[in-house]
Amino acid sequence: MRRGFLTFIFLILFTIFIFISEDYAFAITASNTGLTGLWEYPTAEMPGDGQGRFGLTKATPYGFYFLDLAWLPWLEVNARFDTFNSIYTGQGRRYMDKAIDLKFMLWHTKDPDKWYLPSLAGGVVDMMGTELMKAYYGAATWRYGKFAATIGYGSDRLNGVFGGVEWDIDNWLTLKAEYSPLDYKQDIVSGRRVLTDDKLPKKKYNAGLVIKAPWGTEAAVSYQRGREWVFGISQRIDLAGPYIGNHRKTFDTPGDARVPCWDGLEKDKLISRIKNGIEKYVRVRDVDVKIESDKKQHNLYLAYENYGYSSHAEAMTRILVLLSAVMPDIDELTLIHKNAGIPVVKATFPGNLLFDIRTRSLRKEDPMKTAIFGWVDSSKAIEEPDAKNLLDKKAKHELKAMVVYEPRLDQTLWEAYMDRWNIDLVYQGRYKNGWQSIVDVRFPIIDHVDTSDYMGIYWEKDLNDKIRLQKAGLMYANKYSKNGRAWFFADGGWLDEEWFGLNAWARYYGGDGSWWIGARLGLFRDRDPYSFAGFADGVLAYLYGRMWDLHVVEGSEWYYTGWLQAGYHLDALDLDLNLSWGQYIDRDRGFKYEITRHWDDTAIGFWIVDADRDAPDKSFTKAGVHLEIPAEKWLGTMFGNSSSHIWEQNTILLSQYYMHSAREGATLRTPERMMNQLRPVAMKKNVEKMLREYCSFEEEREQDSKTVTSLLEYIFH
């Protein structure tokens, strides 16, 4: 009976395969833990650059919550939070664990005609934290159209040779089956096995299917270990944006605009038309326009400051699109982008670029080849007769209310999951000469966070029900060299929920912004976590599961810090490598290594600190993840205007140990946050990407066959 039923199912599926459309995209689906793969094992395939998924899997007694991402074209990073539902701690709750998995695409066979050559990948599972499931693996995958086969070898709990097949029935359905020798006996938590002998696998085969929705949601169901139904759900994301769905940005231009000719054209009327169009269709401010025109030459200078977009490149692109619709043929166009009234980057384009944009016939070989991006040379910009008075400075005031969600996950807590909801009232001001300000008052509305001593989050007492001044202060950024490459940054005030203080940075940038050197100094003191804006009586210390307000000699409640810093930008990957060395809050010294990948206004980075004191059982002090997530990227501009708001978050992976060593203080806004997008090397690349998108009528993001997608290809490219 069972054999006949399976034969019937196979015949039905084979019939479907014969008649389905050939117009499909082969599947890249998640394993139980989120890493691209079969069910319990990885394959030598991975999402496209900047693509991935987040989701959860229920595989009793395991629960996996994951965020998986192709952080580099050849590196997949999977961050997950695991629950072991059969193991209870002394507090009477499930044991939880954080983990990070890595997969390196060593070689990617991109040519479908060479299906007989496998793609090769290798990596590590659970490389940081408790390392309860740590293992190494290598895999080879052959793909022939709708079919893929994988064979690999894994160490430790992966337990030897594994393999499996995938069959993409259609865009909406994928079948997967694998041979799984996974050794569950090695899953030992607090001295106890997660699966007892009577729950160990009966079979070493897993099989199931993945159903995919057009908007990127995927549901997985499989029968595993010969005794367990496993269910999972995930959502695909693309950091090139928008993250979810295919809603594309629209670049509005005057609907019935006709491009005029220079004959008999009055410059004042043209300038007025340009300003009115920008005011109506582009969210920038302090716009000033100068036109140099005679019988032989027509040049346009335009200065502006972005306030309405999280992407500075988007603001420039929108201005270019609008100018293409209203501007007569010109020889040269110069755009000057300002920040708080200070001119930062200057872009000079050939006039025929506006014609290419207007006809949407951007030159594919190198549309920005003759465009020049550089720092604004203040002396030259002001000396040019047609650029005088371009840099008018006016104040800009913004008021907004935001809903803020604060989740807390940690294995030391009574509860497995806690959170707090707040309403933030925010004022932001942009003034002249590089000055900005912010005032943020936080009103907790729903608080499920336990900050009690010993069993709560005792090191975050500020997570209470009090209305508090979250941050307030002044920020300053200005050049101290005429060539625009040397900058001074400062901020001061209530820097975040923990610190009051002052920061000062000095930076010198390379010609195109691809490298910089500098220093940072800081002066901080502890805030009282229970008052609106007051300070602690002395210094806050965290000992024996409690927070202590230690009285000290007057004047010694201030912390002094200082670092030497340097950074380098890898243009091909849009990747920043930063290094700092100096003294931290508690007078410990050491290095901080940072590596951050950018997708224009989106950034995801990893950092590690090696200071005088290491974390228990580790060879380093602490590590973490840095996020910069634009609000509008979730749904694009589907609900109206773009937003300039970028959510910033530093998540520390070693939990409560972070207050014992390598404390940095806080900032209102770092130089990286202010300047990364505005560096000429980044601005040019991102404007070109957006112009390509605008001039493309393709709905889907295409991958160039020349794109580097493997580590060996990158090394020898």
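Predicted, not measured: the structure shown is a model, and the values here were computed from it.

Visitor: Go over the sheet that holds strand 1 (residues 51-59) with me, naming the residues and quoting the values.
Guide: Read around the barrel, 12 strands follow the order 1-2-3-4-5-6-7-8-9-12-13-14 and close on themselves; strand pairing throughout is antiparallel. Between one strand axis and the next, the sheet turns through 20° on average, direction left out of account.

Visitor: Help me get a handle on helix 3 (residues 312-326), residues and values and all.
Guide: Compared with the 21 Å implied by 1.5 Å per residue over 15 residues, the 22 Å span of helix 3 between its first and last C-alpha is a close match. Of all 15 residues in helix 3, 15 are buried, a share of seventy percent or more. One side-chain oxygen of the residue at the start of helix 3 lies 3.3 Å from the amide nitrogen of Ala 313, identifying that residue as Ser 311.

Visitor: Can you break down the nonpolar core residue by residue, with the values?
Guide: Membership of the largest hydrophobic core comes to 68 residues, with the highest contact counts inside it found for Ile 274, Leu 302, Tyr 304, Met 316, Leu 320, Leu 335 and Phe 349. Among the elements that line this core, the one with the most residues is helix 3, at 10 residues. Residues contacting Leu 302, with those up to four places away along its chain left out, are Ile 274, Ile 278, Val 287, Asp 288, Val 289, Ile 319, Leu 323, Thr 334, Leu 335 and Ile 336.

Visitor: Now, about the sheet that holds strand 16 (residues 298-306): what can you tell me, with residues and values included?
Guide: The strand order across the open sheet formed by 5 strands is 15-16-17-18-19, and the pairing between neighbours is mixed. The open sheet has two free edges, formed respectively by strand 15 (284-293) and strand 19 (372-375), since each of these has just one partner strand. With direction set aside, neighbouring strand axes in the sheet form an average angle of 15°. Each of strand 16, strand 17 (332-339), strand 18 (342-350) and strand 19 is contacted by helix 7 (residues 680-695), which is oriented at about 150° to strand 19, the strand it contacts most.

Visitor: Go over the pattern of salt bridges, please, and point to the residues and values.
Guide: In this structure the tally under the stated criterion is 34 salt bridges. A salt bridge links Asp 286 to Arg 285, with the nearest nitrogen and oxygen atoms 3.3 Å apart. In this structure, the salt-bridge partner of Glu 557 is Arg 525, at a minimum N-O distance of 3.7 Å. Of the two residues, Glu 557 sits in the loop between strand 28 (546-550) and strand 29 (559-570) while Arg 525 sits in strand 26 (residues 515-526), which places them 32 residues apart along the sequence. Beyond isolated ion pairs, a larger network of salt bridges with shared partners links Arg 285, Asp 286, Glu 305 and Arg 430.

Visitor: Could you give me a rundown of the environment of Thr 196, with the residues and numbers involved?
Guide: Within the fold, Thr 196 resides in the loop between strand 11 (192-193) and strand 12 (205-212). Between the C-alpha atom of Thr 196 and that of Lys 185, which follows or precedes it by 11 residues, the distance is 8.2 Å. Here Asp 198 takes part through its side chain, which lies 2.4 Å from a polar atom of the side chain of Thr 196.

Visitor: So what's going on with the side chain of Arg 520? Which residues, and what values?
Guide: With respect to the helices and strands, Arg 520 occurs in strand 26. Judged by relative accessible area, which is 7%, Arg 520 ranks as buried. Of the polar contacts made by the side chain of Arg 520, one reaches the side chain of Asn 503; its length is 3.0 Å.

Visitor: Any chance you could break down unusual backbone geometry for me, citing the residues and the numbers?
Guide: For the peptide bond that leads from Thr 60 to Pro 61, omega is 5°, which places it in the cis range. The phi angle at Arg 225 is positive, at roughly 65°, despite the residue not being glycine. Relative to the helices and strands, Arg 225 is located in the loop between strand 13 (217-224) and strand 14 (228-238). Residues other than glycine seldom take positive phi values, yet Asp 600 does so here, at roughly 60°. On the secondary structure map, Asp 600 appears in the loop between strand 31 (589-599) and strand 32 (602-611).

Visitor: Account for the confidence of the model for the protein chain, with residues named and values stated.
Guide: For the protein chain, the average pLDDT comes to 85, and 87% of its residues sit at 70 or higher. This model gives residues 11-25 a pLDDT under 50, and the stretch forms 19 contacts once residues within four places in sequence are excluded. Predicted confidence is poor over residues 698-702, with pLDDT under 50, and the contacts of this stretch with residues over four places away or in other chains come to 7 contacts.

Visitor: Requested: an account of the side chain of Arg 468, with residues and values cited.
Guide: Tracing the backbone shows Arg 468 in strand 23 (residues 468-479). Reaching out from Arg 468, the side chain makes a polar contact with the backbone oxygen of Pro 529 at a distance of 3.4 Å. Residues in contact with Arg 468, not counting those within four places in the same chain, are Asp 440, Val 441, Arg 442, Asp 462, Glu 497, Arg 527, Asp 528, Pro 529, Ser 531 and Phe 532.

Visitor: So, empty space enclosed by the protein: which residues are in play, and what are the values?
Guide: Rolling a probe over the atoms, with the probe sized like a water molecule, indicates the empty space that remains. Scanning the model with the defined rule gives 7 cavities of 30 Å³ or more in all. Taken together, 22 residues line the largest cavity, and the ones lying closest to its centre are Thr 33, Glu 40, Tyr 41, Arg 157 and Leu 182. Here the residues of the lining of the largest cavity are counted per class, giving 13 nonpolar, 4 polar and 5 charged. Taken as a whole, the second largest cavity spans an internal volume of roughly 130 Å³. Forming the walls of the second largest cavity are 18 residues, and the residues nearest its centre are Ala 30, Ser 31, Thr 57, Ala 220 and Gly 232. When contributions to the lining of the second largest cavity are tallied by element, the ones reaching two or more residues are strand 1, strand 13 and strand 14.

Visitor: Would you mind going over a nonpolar patch on the surface in detail, with residue names and values included?
Guide: On the surface, Val 403, Tyr 405, Leu 409, Tyr 417, Trp 421, Ile 445 and Ile 446 cluster together into a nonpolar patch covering about 640 Å² of accessible area. The set of elements that each furnish at least two residues to the nonpolar patch consists of strand 20 (396-408) and strand 22 (435-447). Its relative accessible area of 33% is what places Trp 421 among the partly exposed residues.

Visitor: Any details on the packing of helix 3 against helix 4 (residues 352-359)? Residues and values, ideally.
Guide: In a pair of packed helices, the angle between the axes and the distance between the axes together describe the arrangement. Interhelical geometry of helix 3 versus helix 4 gives an angle of 90° and a closest axis separation of 8 Å. Viewed along their axes, helix 3 and helix 4 adopt a mutual orientation that is roughly perpendicular. Contacts between helix 3 and helix 4 involve Leu 320, Val 321, Leu 323 and Ser 324 on the former and, on the latter, Leu 354, Ile 357 and Arg 358. Residue composition of the contact of helix 3 with helix 4, by class: 5 nonpolar, 1 polar and 1 charged.

Visitor: Would you mind going over the pairing of strand 24 (residues 486-494) in detail, with residue names and values included?
Guide: A large share of strand 24 lies buried, amounting to 7 of its 9 residues. In this sheet, strand 24 lies alongside strand 23 in antiparallel orientation, the contact comprising 8 bridges. If you follow Leu 474 over to strand 24, its bridge partner there is Gly 492. Remark: 4 residues form the turn of the hairpin made by strand 24 and strand 25 (residues 499-509), two consecutive strands paired antiparallel.

Visitor: Talk me through the environment of Tyr 304; I want residue IDs and the actual numbers.
Guide: Inspection of the secondary structure assignment puts Tyr 304 in strand 16. A relative accessible area of 0% means that Tyr 304 is categorised as buried. A C-alpha to C-alpha distance of 4.5 Å links Tyr 304 and Val 287, two positions 17 residues apart in sequence. Ignoring anything within four residues of it in the chain, the contact list for Tyr 304 reads Val 284, Arg 285, Asp 286, Val 287, Ala 315, Met 316, Ile 319, Leu 335, Ile 336, His 337, Lys 338 and Met 683. At 2.8 Å, the side chain of Tyr 304 forms a polar contact with the side chain of His 337.

Visitor: Kindly report on the packing of helix 2 (residues 267-281) against helix 3, identifying the contributing residues and their values.
Guide: Packing of helix 2 against helix 3 leaves a shortest axis separation of 10 Å and a crossing angle of 140°. When the axis of helix 2 is compared with that of helix 3, the two are oblique. Relative to helix 3, the crossing made by helix 2 is right-handed. On helix 3, the residues that touch Leu 270, Arg 273, Ile 274, Gly 277, Ile 278 and Tyr 281 of helix 2 are Ile 319, Leu 322, Leu 323 and Val 326. Counted by class, the contact of helix 2 with helix 3 contains 8 nonpolar, 1 polar and 1 charged residues.

Visitor: Explain the pairing of strand 16 to me, using residue names and the numbers behind them.
Guide: Taken across its 9 residues, strand 16 has 9 buried, putting it largely inside the fold. Here strand 16 shows a buried face lined by His 298, Leu 300, Leu 302, Tyr 304 and Asn 306 and a second buried face lined by Asn 299, Tyr 301, Ala 303 and Glu 305. Where strand 15 meets strand 16, 8 bridges bridge the pair, whose relative direction is antiparallel. Opposite Arg 285, over in strand 16, you have Glu 305 as the bridge partner. Counting the residues between successive antiparallel strands, the hairpin from strand 15 to strand 16 contains 4 residues. Strand direction decides the pairing type here: strand 16 and strand 17, joined by 7 bridges, are parallel. When the bridges of strand 17 are listed, Leu 300 appears paired with Leu 333.

How each quantity is defined
Per chain, the residues get numbers from 1 upward, laid out in the order the sequence is written. Only residues with pLDDT of at least 70 get local features here, since the model is predicted, and only at 80 or more are side-chain atom pairs given and counted; chain-wide, interface and lining totals rely on the full set of residues. Each side-chain value is derived from all of the structure's non-hydrogen atoms; neither hydrogens nor water enter the calculation. One requirement defines pairing of two strands: DSSP has to find at least two bridges between them. Only DSSP runs of H or I with at least four residues qualify as helices, and only runs of E with at least two residues qualify as strands; both kinds are numbered from the N terminus onward. Axis definition: a line fitted to C-alpha atoms, over the contacting stretch in the case of helices. Angles run 0 to 180 degrees between N-to-C directions. Expected span of a helix, by definition, is 1.5 Å for each gap between consecutive residues, and there is one gap fewer than residues. Only protein chains enter the area calculation, which uses a 1.4 Å probe; residues under 20% of their type maximum are buried, those over 50% are exposed, and those in between are partly exposed. Any pair of nitrogen or oxygen atoms within 3.5 Å is treated as a polar contact; in protein, a donor-acceptor pairing is required on top of that, and neighbouring residues in sequence qualify only through side-chain atoms on both sides. Only buried Ala, Val, Leu, Ile, Met, Phe, Trp, Tyr and Cys residues count toward a nonpolar core, and they belong to the same one when joined by side-chain atoms within 4.5 Å. Contacts are assigned to residue pairs with any non-hydrogen atoms lying within 4.5 Å of each other. Counted as salt bridges are all cases of a side-chain nitrogen of Lys or Arg within 4 Å of a carboxyl oxygen of Asp or Glu. How sure the predictor is of each residue is captured by pLDDT, a score from 0 to 100. Definitions used throughout: a 1 Å grid over protein atoms alone; a cavity as a set of points that fits a 1.4 Å probe which cannot get out; a pocket as an open set with protein on both sides within 12 Å along at least five of seven lines; a lining residue as one with an atom within 4 Å of a point. Grid points are joined across faces, edges and corners, and a volume is the space filled by probe spheres set on the points. Under the grouping applied here, Gly and all other residues not named as nonpolar or charged are polar, the nonpolar ones being Ala, Val, Leu, Ile, Met, Phe, Trp, Tyr, Cys and Pro and the charged ones Asp, Glu, Lys and Arg. Without a salt bridge and with relative accessible area above 30%, a residue can belong to a patch; like charges are then joined within 9 Å and nonpolar side chains (Val, Leu, Ile, Met, Phe, Trp, Tyr) within 5 Å. Working definition of accessibility: Shrake-Rupley area with a 1.4 Å probe, residue cover restricted to the visible protein chains. Throughout this description, any angle smaller than 35 degrees is read as roughly parallel, any larger than 145 degrees as roughly antiparallel, any in the 65 to 115 degree range as roughly perpendicular, and the remainder as oblique. In this scheme, a crossing is called left-handed if the near helix is turned counterclockwise away from the far one by less than a right angle; it is called right-handed if the turn is clockwise.

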